[in-house]
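Observations on chain architecture
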Amino acid sequence: MGRRLWWVAAVAMLAGCASVPAPEPVGQEPTRRAGNLQRLRERARVVLANYDRAAGDAQLVVLWGQEATVAGTLEPRNEHLKTAVDAGRLEAAGELPATPREQGEAVWTGGRRLSLPLLSAPEALRLLAVDDDCPECVRHPVTGARLTTMRVSTTRGPAAVPAWEFSLEGTKMRVLRMALDSGPPVKVDPPAGGPDDLPDGAVAESARVDGKRLTVALIGAREGAGEPCGEDYVAEAVESDTAVAVLVRIRRYSGPTPSAPPGTEFGCLTAGHPRSATVTLAEPLNGRAVLEVQQGQPVPLVVGSGGE
């Protein structure tokens, strides 16, 4: 997973054609589903353990790659700078500001605040660089910095945080980096096996919480399981003290295969459609991360009127 996602907006989409699978022999389908559910639950427990190791005692967990962003776009004449800027290969052309105060605050929509040490502009600039991203890139001059704010996705939902905005030589585009010292970025190891090793499971892409009610958004079939090519989605939560891993089981259409016109083969267009699934937690989320079980990463979270 790349750390920087500044240049393109990722749109999740599943597309293609597939024939309707033949029904399982009588008596085997419940056994297969039970086995797949057990595998999903085991994967969820691995995901929780991996997150605990990565997050440790961190007070603020920003989703991977969210610590930095850009404002504006590169002019066509500056396209050659894209790789170097994306890799954080920047260097100060002169003296950059120190911290104007010792502490800064992350502020969430509901009013919760967290105070952490404030980074100086040189410290924030140093943290932009990723050692193995582009060692051959020529460093680009930074001509100035000012303290401002930016929004980041955290495991508690979107938060406004102090940020240093860096001006670059020869372009109007600016680079922003969070100015709070929250410790090393939390990078969660994915479970063993390939990312597609998710038997009868869909992937939660974001979540909304209202009290104990947790709703995850996903990409799936357009129709429900009562229609040919349709699917239903059932969420289940495996909880720990620090996170909630959400597995989403798929229930597929199990009726007779519709007949196809002569000379054609019936198939299902599996183009992705926005779907959701809801689960009731054992306890309110209360700041815990919500994790998907494919790669084991925290997902963007929205906190509703019912709170965490």
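Keep in mind that what you see is a predicted model, and the values were worked out from it rather than measured.

**Quick notes on the overall build of the protein**
In terms of regular secondary structure, the protein is built from three helices and 17 strands. Across the protein, the fraction of contacts at a sequence separation of at least 24, relative to all contacts at a separation of at least 6, is 74%. Roughly 16200 Å² of accessible area belongs to the protein as shown, and the carbon and sulfur atoms make up 51% of that amount.

**Looking at the environment of Leu81**
The topology assignment puts Leu81 in the loop between β2 (68-71) and α2 (82-86). Measuring from C-alpha to C-alpha, the distance between Leu81 and Cys137 comes to 9.1 Å, with 56 residues separating the pair along the chain. Here Leu81 is in contact with Leu74 and His140, once residues within four sequence places are set aside.

**A few points about the packing of aromatic side chains**
Per the counting criterion, the structure on display carries zero aromatic pairs. For Arg112, the ring lying beneath its charged end belongs to Trp108, and the centroid distance is 5.0 Å.

**A closer look at the confidence of the model for the protein**
For the protein, the average pLDDT comes to 85, and 81% of its residues sit at 70 or higher. Every residue in residues 1-27 scores below 50 in pLDDT, and together they form 53 contacts with partners more than four places removed in sequence or on other chains.

**Points about unusual backbone geometry**
Unusually for a residue other than glycine, Cys229 sits at a positive phi of about 70°. Unlike most non-glycine residues, Asn286 shows phi in positive territory, near 50°. Mapped onto the secondary structure, Asn286 falls in the loop between β15 (273-280) and β16 (289-292).

**Details of the sheet that holds strand β17 (residues 301-303)**
Ordered in space as β15-β11-β10-β17, the four strands form an open sheet in which the pairing is mixed. With one partner strand each, in any of the chains shown, β15 and β17 form the two edges of the open sheet. Within this sheet the neighbouring strands show an average axis-to-axis angle of 25°, counted without direction. Relative to β15, strand β11 (residues 213-220) is paired through eight bridges, and the arrangement is antiparallel.

**Points about the environment of Ser276**
By the element assignment, Ser276 lies in strand β15. In this structure, the C-alpha to C-alpha distance between Ser276 and Ile219, residues 57 residues apart in sequence, is 8.1 Å. Apart from residues lying up to four places away in sequence, Ser276 is in contact with Thr215, Val216, Ala217, Leu218 and Tyr233.

**Side note on the pattern of salt bridges**
Inspection of every chain in the model, using the stated rule, returns nine salt bridges. With its nearest N and O atoms 3.3 Å apart, the salt bridge here joins Arg222 to Glu223. Overall, Arg222 belongs to the exposed group, its relative accessible area being 59%. For Glu223, a relative accessible area of 32% translates into the label partly exposed. Of the charged contacts, one joins Arg252 and Glu231 as a salt bridge, the two residues approaching to 3.3 Å between their closest N and O atoms. Taken as a pair, Arg252 in strand β13 (residues 243-252) and Glu231 in strand β12 (residues 231-239) lie far apart in primary sequence, 21 residues in all. On the basis of relative accessibility, which here comes to 36%, the residue Arg252 falls in the partly exposed class. By relative accessible area, Glu231 is classed as buried at 16%.

**Concerning helix α3 (residues 121-128)**
For α3, the set of buried residues is Ala121, Ala124, Leu125 and Leu128. For α3, the angular spread of the buried residues around the axis is 100°, confining them to a single face. On its buried side, α3 packs onto β2, β3 (90-92), β6 (140-154), β7 (157-168) and β8 (174-178).

**Section: the pairing of β11**
Both strand β10 (residues 206-210) and β11 contribute to a ladder of five bridges, which runs antiparallel. Bridge pairing links Ser206 to Ala217 in β11.

**A look at the side chain of Ser240**
Among the structural elements, Ser240 can be located in the loop between β12 and β13. Looking at Ser240, the relative accessible area reads 17%, which means it is buried. When near neighbours in sequence (up to four residues on either side) are disregarded, Ser240 contacts Leu48, Asp52 and Arg288.

Conventions adopted
- Throughout this description, residue numbers start from 1 for each chain and increase along the sequence as written.
- Confidence filtering applies because this is a predicted model: local features only for residues at pLDDT of at least 70, side-chain atom pairs given and counted only at 80 or more, and all residues used for totals across whole chains, interfaces and linings.
- For side-chain calculations, the full set of non-hydrogen atoms in the structure is used, while hydrogens and water are omitted.
- Helix and strand definitions follow DSSP, with helices as H or I runs of at least four residues and strands as E runs of at least two, each counted in order from the N terminus.
- Any two residues whose heavy atoms approach within 4.5 Å are treated as being in contact.
- All accessible-area figures derive from a Shrake-Rupley calculation using a 1.4 Å probe, and residue coverage is judged against the displayed protein chains alone.
- Stacked, tilted and edge-to-face pairs are distinguished by plane angle, under 30 degrees for stacked and over 60 for edge-to-face with tilted covering the rest, among Phe, Tyr and Trp rings (Trp via its six-membered ring) whose centres lie within 6.5 Å.
- In this scheme, Lys NZ or Arg CZ marks a charge over a ring once it lies within 6 Å of the ring centre and within 35 degrees of the ring normal.
- Confidence per residue, as judged by the predictor, is encoded in pLDDT with a range of 0 to 100.
- For two strands to count as paired, DSSP must find a minimum of two bridges between them.
- Interaxial angles span 0 to 180 degrees and are taken between N-to-C directions of axes, which are lines fitted to C-alpha atoms, for helices over the stretch in contact.
- Counted as salt bridges are all cases of a side-chain nitrogen of Lys or Arg within 4 Å of a carboxyl oxygen of Asp or Glu.
- A 1.4 Å probe rolled over the protein chains alone gives each residue an accessible area, and that area as a share of the maximum for its type sets the label: buried under 20%, exposed over 50%, partly exposed in between.
- The directions considered for the arc run from the helix axis to the C-beta atoms.

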